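Fold and geometry: a report
Listed below, chain by chain, are the residues.
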Amino acid sequence: DGTITISDRYPSHTHGAMDSPRIGSSPKWIKGFILEKMASREKFIYDSMPKADLLIQLTIDVEVAVQRNRDRIKAGNETEEYIRIRHKENTNLCYPYHHCYTVSTNGALESILDEVRAIVWLYL
């Protein structure tokens, strides 16, 4: 409909991952009718979300992410262990889309922005 939405979060179909269905990924002993109904409803909601026309997936090498976290001036930076765990959890996720481009964010910000702009203009 001519609408452009830019988001730093997008639901994946990788069960249990960040920004994806999570109900039902509980320990086996936490089961039952209500939980199954909630998991079914959650799956329906995720499955009914429209696919992105264009998905630009940003990637980063874990070592670069760890170093950037060390270099940040911020109270309460995440630990190196946390960064490594989150990186592993969010690698190879499955997203619903029509067109997808992967952009490495290992380099300089301006070159990354140039690449993203070029993709958007190519797609539009």
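Residues numbered from 1 in each chain as written. Predicted model: local features only at pLDDT ≥ 70, side-chain atom pairs only at ≥ 80, totals over all residues. Heavy atoms only, no water.

So, about the overall build of the protein chain. Along the backbone of the protein chain there are four helices and two strands. Taken from N to C terminus, the helices and strands of the protein chain fall in the order α-β-α-α-β-α. Relative to the globule expectation of 14 Å for 124 residues, the C-alpha radius of gyration of the protein chain, 18 Å, shows a markedly less compact shape. On the principal axes, the C-alpha backbone points of the protein chain span a range of 50 × 40 × 25 Å. Out of the 124 residues belonging to the protein chain, those deemed buried represent 18%. A fraction of 62% describes how many contacts in the protein chain between residues 6 or more apart in sequence connect residues 24 or more apart. In the form shown here, the protein chain has an accessible surface area of approximately 9500 Å², with 58% of it arising from carbon and sulfur atoms. Charged side chains of the protein chain number 16 positive and 17 negative; the gap between the two group centres comes to 7 Å. (Helix = DSSP H or I, 4+ residues; strand = E, 2+ residues; numbered from the N terminus. Rg over C-alpha atoms; globule rule 2.2 N^0.38 Å. Buried < 20%, exposed > 50% of the residue type's maximum accessible area, 1.4 Å probe, protein only. Contact = heavy atoms within 4.5 Å. Areas by Shrake-Rupley, 256 points an atom, 1.4 Å probe, with all protein chains shown as cover. Lys, Arg positive; Asp, Glu negative; His and termini not counted. Charge placed at Lys NZ, Arg CZ, Asp CG, Glu CD.)

Turning next to the environment of Pro-96. The residue Pro-96 is located in the loop between helix H3 (80-89) and strand E2 (97-104) in this model. A C-alpha to C-alpha distance of 9.9 Å links Pro-96 and Tyr-46, two positions 50 residues apart in sequence. Among residues more than four places away in sequence, those in contact with Pro-96 are Tyr-10, Pro-11, His-13, Lys-51 and Ala-52.

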